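# Results of the structural survey
These are the residues of each chain, in order.
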Amino acid sequence: MSMKKLRIEFEETVTLVNNFTEPIPADILLKLYAYYKIANANFDNPGSKTPLINAFKANALFQAKNMSKKEAMRSYIKLANKELK
């Protein structure tokens, strides 16, 4: 799949996740968060006001840190499709 097609599918999946109305388990949300940040090359520190949430987010990012942007996008799409459909 070309990077352009992958980016389009990724953005569509992000919209699906953002519009999802049922609760999403925390472990899934953390993985999606990490994949999203890597796919967008955004390595800023988590910005939650809750230190524990920041710690979980930082840990999720750390676990996925060796992924490429493409891998992160593919993983995001695969996880969202598996868990939210």
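Just above sits the structure.
Nothing here was measured: the structure is a model prediction, and the numbers come from that model.

A few words now on the pattern of salt bridges. This structure, assessed with the given rule, holds 2 salt bridges. Between K82 and E83 there is a salt bridge whose closest N-O contact spans 3.6 Å. A relative accessible area of 63% places K82 in the exposed class.

Two numbers describe how helix α1 (residues 3-19) lies on helix α2 (residues 26-39): the axes approach to 12 Å, and their chain directions differ by 145°. Handedness of the α1/α2 crossing: left-handed. Contacts from R7, F10, V14 and V17 in α1 reach L32, Y36 and A39 in α2. For the contact of α1 with α2, the class distribution of residues is 6 nonpolar, no polar and 1 charged.

Attention now moves to unusual backbone geometry. In this structure, A41 takes a positive phi of about 50° despite not being glycine. Along the chain, A41 turns up in the loop between α2 and α3 (51-63). Relative accessible area serves as the criterion here: at 41%, A41 is assigned to the partly exposed category.

What follows concerns α1. Each turn of an α-helix holds 3.6 residues, which means side chains three or four residues apart point in the same direction. Compared with an ideal rise of 1.5 Å per residue, which puts 17 residues at 24 Å, α1 spans 24 Å between its outermost C-alpha atoms and is within 8% of the ideal. Of all the positions in α1, only L6, F10, T13, V14 and V17 are classed as buried. Summarising the axial view, the buried residues of α1 lie within an arc of 110°, below the 170-degree limit, and thus occupy one face. Projecting away from the buried face of α1 at angles above 90 degrees are the exposed residues K4, K5, E12 and N19.

As a further point, take the layout of surface pockets. One number sums up the size of the largest pocket: a volume of about 260 Å³. As for the largest pocket, its lining consists of V17, N18, A26, L29, L30, L32, Y33, Y36, I53, F56, K57 and Y76. Contributing elements (two or more residues each) for the lining of the largest pocket: α1, α2 and α3. In terms of residue class, the lining of the largest pocket is built from 10 nonpolar, 1 polar and 1 charged.

Here A34 is to be found in helix α2. Here A34 falls in the buried class, since its relative accessible area comes to 1%. Placed 30 residues apart in sequence, A34 and A64 show a C-alpha to C-alpha distance of 6.6 Å. Beyond its immediate sequence surroundings of up to four residues, A34 is in contact with A60, L61 and A64.

The rules behind the values
Residues numbered from 1 in each chain as written. Predicted model: local features only at pLDDT ≥ 70, side-chain atom pairs only at ≥ 80, totals over all residues. Heavy atoms only, no water. Salt bridge = Lys/Arg side-chain N within 4 Å of Asp/Glu carboxyl O. Buried < 20%, exposed > 50% of the residue type's maximum accessible area, 1.4 Å probe, protein only. Axes fitted to C-alpha atoms, helices over the stretch in contact; angles between N-to-C directions. Helix = DSSP H or I, 4+ residues; strand = E, 2+ residues; numbered from the N terminus. Left-handed = near helix turned anticlockwise from the far one by under 90°. Contact = heavy atoms within 4.5 Å. Nonpolar A, V, L, I, M, F, W, Y, C, P; charged D, E, K, R; others polar. Expected span 1.5 Å × (residues − 1). Arc of directions from axis to C-beta. 1 Å grid on protein atoms, 1.4 Å probe; cavity = no way out; pocket = protein on both sides within 12 Å on 5 of 7 lines; lining within 4 Å. Points joined across faces, edges and corners; volume = space filled by probe spheres on them.

Take it as geometry only, folks, not as evidence of what the structure does.
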